[in-house]
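Chain residues, written in single-letter form:
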Amino acid sequence: MATRASAKIRIGRLERPALTGVLVREVVNFSSYWRSATFSSTVEPTIYLLAFGFGFGSLVSTIGGYDYVEFVGTGTVATAVLFSSAFPAMFGTFVKYNFQHTYDAILAAPVDTEELVTAEALWIAARAGVYGCVPLIVAMFFGLPPAWGMLTVPFVGFIAGYGWASFGIMAAGFAKSIENFSYIISAVLTPLFLVAGTFFPIDGLPQWAQVLAQFNPLYHCVQLVRDAAFGFEGWIDVYHVAFLVAFGLLMWRLAIFAMERKLVN
Amino acid sequence: MKRYGPITAVNGLDLDVPEGTCVGLLGPNGAGKSTTMRLLTAQSIADEGELEVLGFQLPEESKAARAECGVAPQLDNLDTTLTVEQNLLVFTHLYRIGRADRRAAIEAALEMANLTDRRDSRVDKLSGGMRRRLLIARSLVHRPRLVLLDEPTVGLDPQVRQELWALVDALRAQGTTILMSTHYIEEAERLADTVLIMSHGRAVAVGSPADLIAEHAGRTAVEIYGSPSQLADAEAKARADGFSTRRTGTSISVLGVEGADGRAPQGERRAANLEDVFVLLTGEQID
């Protein structure tokens, strides 16, 4: 190749211009599909909220001292975060890699896999933080009293969403075909979704299930949102945040590992 | 060298692209052209050997090299729900063009690709030729020193192909260094200053199209037509007389017949071309 010593650009990791470039691509693309994304990310948890709130709520009026609608309204925030992060990350990543070949274009630019994965996760996490608030707002119409602590909910959604987005990207990185996602949805996401204290408290479950729930990021997200709405509980909430941050960091590194294996050979 | 399991895609390829020239990688499908392209952007890491792009060592400094390279891939990976202009805008960010220069960079790319009046069209509304022009324009927004074009006209109509040739030629006239892969011989012949013929991951010949023709196929060829058995006989006889031959499917071409008037077989005379060289060097059958 032609040689010419030129002004070398800094060869760094996680450079801001690279992250910005990938984020700009997502934001510009979002302008063309925000309606459908917003629809699915908000309507689904709202349906859960209404169905459980009214259906189940007619049988049980209070759980753990809360109105059932308040209990479910705060719980489904975690559901909304999960639905708007893990699923778009899994399917979006797979489609962009396999069908649209978007990542080939991005990695031919001065962007590394680490930056690509990080920016994609940040973007999805930001969306999850916003969409996560929808059930809370809906629940307010059904009597959930507003509280200052709720202002932290977008941040909780962002942290949890970052972990789930990274989880989804990792799953797409390891998946051989789009059908592989069935295993992840059935065997991982559905159980975690049900045993998170969203629709019923986990203290009614057998001991082993309660222990397992402690390892469920969704459970920690649910607990945090509930405490944000009904009053923080000090160190326990710090522990919930720490768990979500650790989950996010672990999934982030695994997602980078999985995608590097897939994208650079 | 690059291996995929037991398959060696690129092997002992010595590729030198002098600044300001257009080098064409010519080879049949599976010769290792696309792998070579991926090696140059570090999307593929060589198992052995040294790679230097624009003075940067790969893969360690590939990010710096990529900042000064433009890539138009073989597979269209435009964002199809975005407009022409939005696609270019995204790439001004990915290639770190400063805010003040973005507008001008987009305008210049639109103009270069003759897409100024389609700037607001969604990509999925564009014709195949326009999409390919946009793909090339996208690789030029940051005024790269080196442009990698992977099969720029594959699958396009002849008219559209000519448009793209004009675009590449204009780029060449501006002094941009171009590495282009193609399996269209005419494309290499028209656009490349230097052609590198690849086969099974190796370079089998390098030179200007004219030099390659003169060296390997001579000046004049004779085309002999006839039934398959007549062709087989003509081929055997020409070979026995010391000529190289190649099959074209409908005829036998006997090469290098200039200055052999007495011994030259009868048939239609024509100038030797790059296709003669290509088939001679990469084999008559693709395996």
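Starting afresh in each chain, residues are numbered from 1 along the sequence in its written order. Note on labels: chains are lettered from A, ligands numbered from 1, in written order. Where totals are concerned, whole chains, interfaces and linings use all residues; where local detail is concerned, this predicted model gives features only for residues with pLDDT of at least 70, and gives and counts side-chain atom pairs only at 80 or more.

Draft legend 1. Highlighting the sheet that holds strand 11 (residues 220–225) of chain B. Residue and element names in this part refer to chain B. Between any two strands, at least two bridges found by DSSP are needed for them to pair. We count a stretch as a helix when DSSP gives it H or I for four or more residues in a row; a strand needs E for two or more, and each element gets its number in order from the N terminus. The antiparallel open sheet is built from 4 strands, whose spatial order is 12-13-11-14. Strands with a single pairing partner mark the edges of an open sheet, and in this sheet they are strand 12 (245–247) and strand 14 (268–271). Neighbour-to-neighbour, the strand axes of this sheet turn through a mean angle of 30°, independent of strand direction. Inspection of the sheet shows strand 11 paired to strand 13 (residues 251–255) by 5 bridges, in the antiparallel sense. When the sheet's bridge partners are listed, glutamate 223 is paired in strand 13 with serine 253. In this analysis an axis means a line fitted to C-alpha atoms, helices contributing only their contacting stretch, and an angle means the value between N-to-C directions, from 0 to 180 degrees.

Draft legend 2. Region of interest: the interface of chain A and chain B. Think of it this way: build a C-beta for each residue from its backbone, and any pair within 7 Å is a contact. Taken together, the contact between chain A and chain B spans 33 residues of the former and 31 residues of the latter. Listed by contribution, the elements that provide at least two residues to the side of chain A that touches chain B are helix 1 (16–56) and helix 4 (102–108) of chain A. Considering every element that reaches the side of chain A that touches chain B, the biggest residue donor is helix 1 of chain A, with 9 residues. Tallied by class, residues from the side of chain A that touches chain B come to 18 nonpolar, 10 polar and 5 charged. Polar here means any residue other than Ala, Val, Leu, Ile, Met, Phe, Trp, Tyr, Cys and Pro, which are nonpolar, and Asp, Glu, Lys and Arg, which are charged; Gly is therefore polar.

Draft legend 3. Local environment of the nonpolar core. Residues and elements named next belong to chain A. Nonpolar cores are built from buried Ala, Val, Leu, Ile, Met, Phe, Trp, Tyr and Cys residues. These are joined into a set through C-beta atoms within 7 Å. Once C-beta atoms are placed from the backbone, each residue is buried if 20 or more other C-beta atoms lie within 10 Å of its own, exposed if 12 or fewer, and partly exposed for counts between those two. Of all hydrophobic cores here, the largest spans 164 residues; its most connected members are Ala78, Ala121, Cys221, Val225 and Ala255. The biggest single contributor to this core is helix 7 (residues 153–174), with 13 residues. For valine 225, the residues in contact, after removing those within four places along its chain, are Thr74, Val77, Ala78, Val153 and Val156.

Draft legend 4. Spatial organisation of the pairing of strand 8 (residues 177–182) of chain B. Residue and element names in this part refer to chain B. Across the 6 residues that make up strand 8, a large majority, 6, are buried. By the alternation rule, side chains of strand 8 split into Thr177, Leu179 and Ser181 and Ile178, Met180 and Thr182, which are all buried. Across 5 bridges, strand 3 (residues 22–26) lies against strand 8 in parallel orientation. When the bridges of strand 8 are listed, cysteine 22 appears paired with isoleucine 178. By the bridge criterion, 5 bridges tie strand 7 (residues 146–150) to strand 8 in an arrangement that is parallel. By the bridge assignment, leucine 149 is partnered in strand 8 with methionine 180. Crossover handedness is defined here as right-handed if the route from the first strand over the helix to the second strand goes clockwise, with the strands pointing away from the viewer. One crossover worth recording links strand 7 to the parallel strand 8 by way of helix 6 (residues 158–173), and it is right-handed.

Draft legend 5. View of the pairing of strand 13 of chain B. Residues and elements named next belong to chain B. Across the 5 residues that make up strand 13, a large majority, 4, are buried. Sheet topology note: the strand 12/strand 13 ladder contains 3 bridges and is antiparallel. The residue bridging arginine 246 from the neighbouring strand is serine 253, located in strand 13. Following strand 12, the chain reverses through 3 residues before pairing antiparallel with strand 13; glycine 249 in that reversal takes a positive phi of roughly 105°.

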